[in-house]
Amino acid sequence: GEADYLQAIAHGGKGAHLRYAQALLRLRAGDRAGYRTACINMLAALGQMPGAADAHLAAQTCVLAPEAGVDAARVVALAEQAVASNPKDCAFHNTLGAALYRAGRFAEAVRRLDDAIQEQGKGGVVADWFLLAMAHQRLSHGADARQWFDRAMRFLNTTSTPVPWSAFLERLLLGTEANALCQEAKP
């Protein structure tokens, strides 16, 4: 659980999963500077030739929130590397869609998130829907943005399936960001 991650971090743990957890916990605490530091440290610890799982986790960490303080092109490249290693993994496609969104490549993000939904085979997941809402909003596709945002909210308001704390926090962060973006665009 979350307490275990905090204890491991406090005792100097440095693995990719701990760095991801640290970044997520910094965001939960409202510590944007701490999040940026966690992202910078994550990428610095990767090395030149990371494996697909570490490349994915590093990219996933750096797309949790805007302004991660790292090179967006490198994050996209890491996410692309993960997808190339396992093109059937919908989570890898989702992270690439998020990386493209964070890089300001909104139309490409929509295409990649559509791929994530296709690979998942069951209509996608909440993160896909919130990211699609934001990407469509940035493309001035207000009706599409609202449709995806509403789909995510309907799911969250009707499901009782427990999720790991990290997935819960990711959903909360994306939902809050998507809500703010979609609300600010209303007339």
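What you are looking at is a predicted structure, and each value in this text was computed from that prediction instead of being measured. (Residues numbered from 1 in each chain as written. Predicted model: local features only at pLDDT ≥ 70, side-chain atom pairs only at ≥ 80, totals over all residues. Heavy atoms only, no water.)

**Regarding the overall build of the protein chain**
Check the secondary structure of the protein chain and you find 10 helices and 0 strands. If you list the helices and strands of the protein chain from N to C, you get α-α-α-α-α-α-α-α-α-α. For 187 residues, the compact-globule formula gives about 16 Å, and the C-alpha radius of gyration of the protein chain, at 16 Å, lands near that figure. In terms of overall dimensions, the protein chain has C-alpha extents of about 45 × 30 × 30 Å along its principal axes. Taking contacts inside the protein chain between residues at least 6 apart in sequence as the whole, the part at least 24 apart equals 60%. Seen as two clouds, the 19 positive and the 18 negative side-chain charges of the protein chain have centres 2 Å apart. (Helix = DSSP H or I, 4+ residues; strand = E, 2+ residues; numbered from the N terminus. Rg over C-alpha atoms; globule rule 2.2 N^0.38 Å. Contact = heavy atoms within 4.5 Å. Lys, Arg positive; Asp, Glu negative; His and termini not counted. Charge placed at Lys NZ, Arg CZ, Asp CG, Glu CD.)

**Describing the environment of Glu170**
Of note, Glu170 is situated in helix H10 (residues 165-184). Classification of Glu170 by relative accessible area gives buried; the value is 17%. Glu170 sits 124 residues away from Leu46 along the chain, and the two C-alpha atoms are 22 Å apart. Setting aside chain neighbours within four positions, we find Glu170 in contact with Tyr20, Leu24, Gln60 and Leu64. (Buried < 20%, exposed > 50% of the residue type's maximum accessible area, 1.4 Å probe, protein only.)

**So, the pattern of salt bridges**
By the definition in use, this model includes 5 salt bridges. We note a salt bridge from Glu108 to Arg105, for which the minimum N-O separation is 2.8 Å. Taking relative accessible area as the criterion, Glu108 reaches 30% and is therefore assigned partly exposed. On the basis of relative accessible area, Arg105 is assigned to the partly exposed category, the value being 32%. Arg112 is the partner of Asp115 in a salt bridge, and the nearest nitrogen-oxygen pair spans 3.8 Å. A residue pair is termed a helical-turn pair when its members lie 3 or 4 positions apart in one helix, as Asp115 and Arg112 do in helix H7 (residues 106-120) at 3 residues. Relative accessible area serves as the criterion here: at 33%, Asp115 is assigned to the partly exposed category. (Salt bridge = Lys/Arg side-chain N within 4 Å of Asp/Glu carboxyl O.)

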